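Fold and contact review
Below, each chain spelled out in residue letters.
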Amino acid sequence: LVTGAAGYIGSHACKVLNRQGWRPVAYDNFSRGHREFVKWGPLVEGDIRETDKLIRVLTEYKPIAVLHFAGLIDAGESVLAPFRYFDNNVAGTLSLVRAMASSGLRRIVFSSTCATYGAPNVSFISEGAEQCPVNPYGESKLIIEKMLRQLTAEGFRTVSLRYFNAAGADPDSEIGEWHEPESHLIPLAIDALSGSVSLRIFGSDYPTPDGTCIRDYVHVIDLAEAHVRALEWLVGDATPTFEALNLGTGRGYSNLEVIAKIENVAGEKLHYAFASRRPGDSPRLVADATRAYTFLKWRPAHSDLDTIIRTAYCWHKNSHVRT
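Heads up: these notes are all about the structure in this document. (Residues numbered from 1 in each chain as written. Predicted model: local features only at pLDDT ≥ 70, side-chain atom pairs only at ≥ 80, totals over all residues. Heavy atoms only, no water.)

Here we take up the overall build of the protein. Looking only at helices and strands, one finds 10 helices and 14 strands in the protein. Relative to the globule expectation of 20 Å for 323 residues, the C-alpha radius of gyration of the protein, 19 Å, shows essentially globular dimensions. Each of the three principal axes of the protein carries a C-alpha extent, and together these read 55 × 40 × 40 Å. Out of the 323 residues in the protein, the part that is buried amounts to 56%. Put simply, of all contacts in the protein between residues at least 6 apart along the chain, 79% involve residues at least 24 apart. Within the structure as shown, the protein displays about 13,500 Å² of accessible surface, and the carbon and sulfur contribution to it stands at 50%. Looking at the protein, you have 34 positive and 37 negative side-chain charges, and the mean spots of the two groups are 3 Å apart. (Helix = DSSP H or I, 4+ residues; strand = E, 2+ residues; numbered from the N terminus. Rg over C-alpha atoms; globule rule 2.2 N^0.38 Å. Buried < 20%, exposed > 50% of the residue type's maximum accessible area, 1.4 Å probe, protein only. Contact = heavy atoms within 4.5 Å. Areas by Shrake-Rupley, 256 points an atom, 1.4 Å probe, with all protein chains shown as cover. Lys, Arg positive; Asp, Glu negative; His and termini not counted. Charge placed at Lys NZ, Arg CZ, Asp CG, Glu CD.)

In terms of burial, helix α6 (residues 185-193) is a largely internal element, 8 of the 9 residues being buried. On the buried face of α6, the contacting elements are β7 (165-167), β8 (199-202), β10 (217-219), α8 (255-266) and α10 (305-318). Looking at the residues trailing α6, positive phi occurs at G195, about 80 degrees.

Okay, the sheet that holds strand β12 (residues 253-254) next. As summarised here, the arrangement of the 3 strands in space is β12-β9-β14, forming an open sheet in which the pairing is mixed. The open sheet has two free edges, formed respectively by β12 and β14 (284-285), since each of these has just one partner strand. Judged from the 2 bridges that link them, strand β9 (residues 214-215) and β14 form a sheet pairing that is parallel. Bridging across to β14, I214 finds its partner in R284. (Pairing = 2+ DSSP bridges.)

Before going further, it helps to examine the side chain of S78. Note that S78 resides in helix α3 (residues 75-80). A distance of 2.6 Å separates the side chain of S78 from the backbone oxygen of A75, its partner in a polar contact. Apart from residues lying up to four places away in sequence, S78 is in contact with Y85, N135, P136 and Y137. (Polar contact = N/O pair within 3.5 Å; in protein donor to acceptor, adjacent residues only side chain to side chain.)

In the structure shown here, the tally under the stated rule is 4 aromatic pairs. Judged by centre distance (5.9 Å) and plane angle (65 degrees), the rings of F37 and W315 are edge-to-face. Of the two residues, F37 sits in the loop between β2 (26-28) and β3 (43-45) while W315 sits in helix α10, which places them 278 residues apart along the sequence. Pair check on accessibility: F37 and W315 agree, each one buried. A ring pair is formed by Y272 and F274, whose centres lie 5.8 Å apart and whose planes are at 85 degrees; its orientation type is edge-to-face. What links up through ring pairs into an aromatic cluster is the set F37, W178 and W315. Seen from the ring of Y253, R251 lies directly overhead, with NZ or CZ sitting 4.1 Å from the centre. (Phe/Tyr/Trp six-rings, centres within 6.5 Å; stacked < 30°, edge-to-face > 60°. Lys NZ or Arg CZ within 6 Å of the ring centre and 35° of its normal.)

What the 7 strands build is an open sheet, ordered β3-β2-β1-β4-β5-β6-β11; its pairing is parallel. Both outer strands of the open sheet, β3 and β11 (241-247), are each paired with one neighbouring strand and no more. Relative to strand β6 (residues 157-163), strand β5 (residues 107-113) runs parallel, the two sharing 7 bridges. Within β6, the residue paired with T113 across the bridge is Y163. The strands that helix α4 (residues 82-103) touches are β1 (2-3), β4 (66-68) and β5; relative to β4, the one it contacts most, it runs at about 175 degrees. With respect to the sheet, helix α7 (residues 220-234) is in contact with β4, β5, β6 and β11, its orientation differing from that of β6 by roughly 165 degrees. (Axes fitted to C-alpha atoms, helices over the stretch in contact; angles between N-to-C directions.)

Position of E182 among the secondary structure elements: in the loop between β7 and α6. With 108 residues separating them along the chain, E182 and D74 place their C-alpha atoms 8.9 Å apart. Leaving out residues up to four positions away in the same chain, E182 has contacts with E177, P187 and L188.

This part takes up the pattern of salt bridges. A full pass over the atoms with the stated rule returns 15 salt bridges. With its nearest N and O atoms 2.7 Å apart, the salt bridge here joins R291 to E243. Of the two residues, R291 is situated in helix α9 (residues 290-296) and E243 in strand β11; the sequence distance between them amounts to 48 residues. Judged by relative accessible area, which is 31%, R291 ranks as partly exposed. Using a relative accessible area of 15% as the deciding quantity, one classes E243 as buried. A cluster of three or more residues bridged by salt bridges with shared partners is formed by K15, D170, D172 and E174. (Salt bridge = Lys/Arg side-chain N within 4 Å of Asp/Glu carboxyl O.)

Here is the structure:
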């Protein structure tokens, strides 16, 4: 069962699952996802807070595990609407695991985030870093991690994948990054090339070489592959456990470096303006993903910045569902 299967990362995970012989059952309420992205298995429309419906779905399809992507993900929005984030993300996940326990299913791969770390003053963030979120989005994900860790006492077997900045698009351009509203730099910058939006860079005075935020960008296909590896690891044993793994490249790029690469790929100049810092943004978030390789033998294969930008650019320029 894939919750949030019509969203950005969930839909890419479904495609990779299908390609590797799994049957993903998509579960989504379409509050942020897109029906056009559900292509690789049956669809059930529903909200993760609907516990009884989830129990019926689990009883009907008898999935071997859950990949849990459903959730609100905009850090800036979460500062303005914390109730919405705790209700959807935390209460929704509690509903999901209740349904799982009722159905006798206790394997889950959880879509977590580097936002649980907050703004640590380190060059590379390992899983042992203090988790001190600076916004309700990160806090909601941390609460869920704590809950899943405690549920090992109920027999749950969990892998929590803390990814850094998901980016890029399906190399076949069947699906891509499409949020409404959009808050991520790369799709906003590509849209700004056509003049459909005005690009703002939030913050020019961070303690970084060019004054803009630095992020570790991971191709969405690499993230999807990591979820499948985590799934395979979960079904290989029945011992209750909680494992947390960073997914990143160990290489950070500033906002201005990303813009320069987009200009290079597009062959045109991108106009932007600086704005004030957004609440809850960290100056630098770069992963130490050593443990993901040790644990899952996972290494990002598509996450060089050129591949990320080229696949994203191709999707945005050729996609018909977004227009």
